[in-house]
Amino acid sequence: MHKRLIVFALLFCFFVVPPLEAAFISIHADHYCVVEYGESCPVCVTIHHAGNLLKQIRDAASIIFFAGAGLFAVTVARKKLELFGNYLTTLVDVKARMNN
Ligand SMILES: [Zn+2]
């Protein structure tokens, strides 16, 4: 049950929140600002926070993508090496004792 909740939360963060934030930024980009781009305008502050959150989500997505690509490349390389022979054996793999 917790796994489904975590997966749903992650999917929500990566596929629902960014389009909503981008829509908010594009809708309110040229709003009638009560102050000259000051920090006291709630719309400007929200746009700033939404932009920062979009950058963080983009960074997390790129990290996840490159980690997955690296893992995939290592897995494919291991499978290719196993096709041409077992080059990845170590002394621990063959349980060789070196103390006799
Ligand atoms: Zn404003």
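Predicted, not measured: the structure shown is a model, and the values here were computed from it.

### Regarding the overall build of the protein
Along its length, the protein carries three helices and zero strands. Each helix and strand of the protein, ordered N terminal to C terminal, gives the series α-α-α. Taken over the C-alpha atoms alone, the protein extends approximately 85 × 35 × 30 Å along its principal axes. Each of the 100 residues in the protein was classed as buried or not, and the buried ones make up 0%.

### Quick look at the confidence of the model for the protein
Atomic detail in the predicted coordinates should be set aside for any region of low pLDDT. Averaged over every residue, the pLDDT of the protein is 86; the share at 70 or more is 91%. Across the protein, the element-wise mean pLDDT spans from 89 in helix α1 (residues 2-15) up to 92 in helix α2 (residues 17-28).

### Regarding the environment of Ala9
Considering the arrangement of structural elements, one finds Ala9 in helix α1. You can call Ala9 exposed: it has 10 C-beta atoms within 10 Å. Considered as a pair, Ala9 and Ile64 are 55 residues apart in the sequence and their alpha carbons are 16 Å apart.

### Focus: the environment of Ala50
Position of Ala50 among the secondary structure elements: in helix α3 (residues 42-83). When the C-alpha atoms of Ala50 and Pro18 are compared, they prove to be 8.7 Å apart, with 32 residues separating the residues in sequence. Setting aside its immediate chain neighbours within four residues, Ala50 contacts Glu21, Phe24 and Ile25.

### Some details on the packing of α2 against α3
In the contact formed by α2 and α3, the axes pass within 10 Å of each other and the chain directions differ by 145 degrees. Where α2 crosses over α3, the handedness of that crossing is left-handed. Along the contact surface, α2 presents Val17, Pro18, Glu21, Ala22, Phe24, Ile25 and His28, while α3 presents Val43, Ile47, Ala50, Gly51, Leu53, Leu54 and Ile57. Here the contact of α2 with α3 is built from residues that sort into 11 nonpolar, two polar and one charged.

Cut-offs applied
- Residues numbered from 1 in each chain as written.
- Predicted model: local features only at pLDDT ≥ 70, side-chain atom pairs only at ≥ 80, totals over all residues.
- Helix = DSSP H or I, 4+ residues; strand = E, 2+ residues; numbered from the N terminus.
- Buried ≥ 20, exposed ≤ 12 C-beta atoms within 10 Å, placed from the backbone.
- pLDDT = per-residue confidence, 0-100.
- Contact = placed C-beta atoms within 7 Å.
- Axes fitted to C-alpha atoms, helices over the stretch in contact; angles between N-to-C directions.
- Left-handed = near helix turned anticlockwise from the far one by under 90°.
- Nonpolar A, V, L, I, M, F, W, Y, C, P; charged D, E, K, R; others polar.

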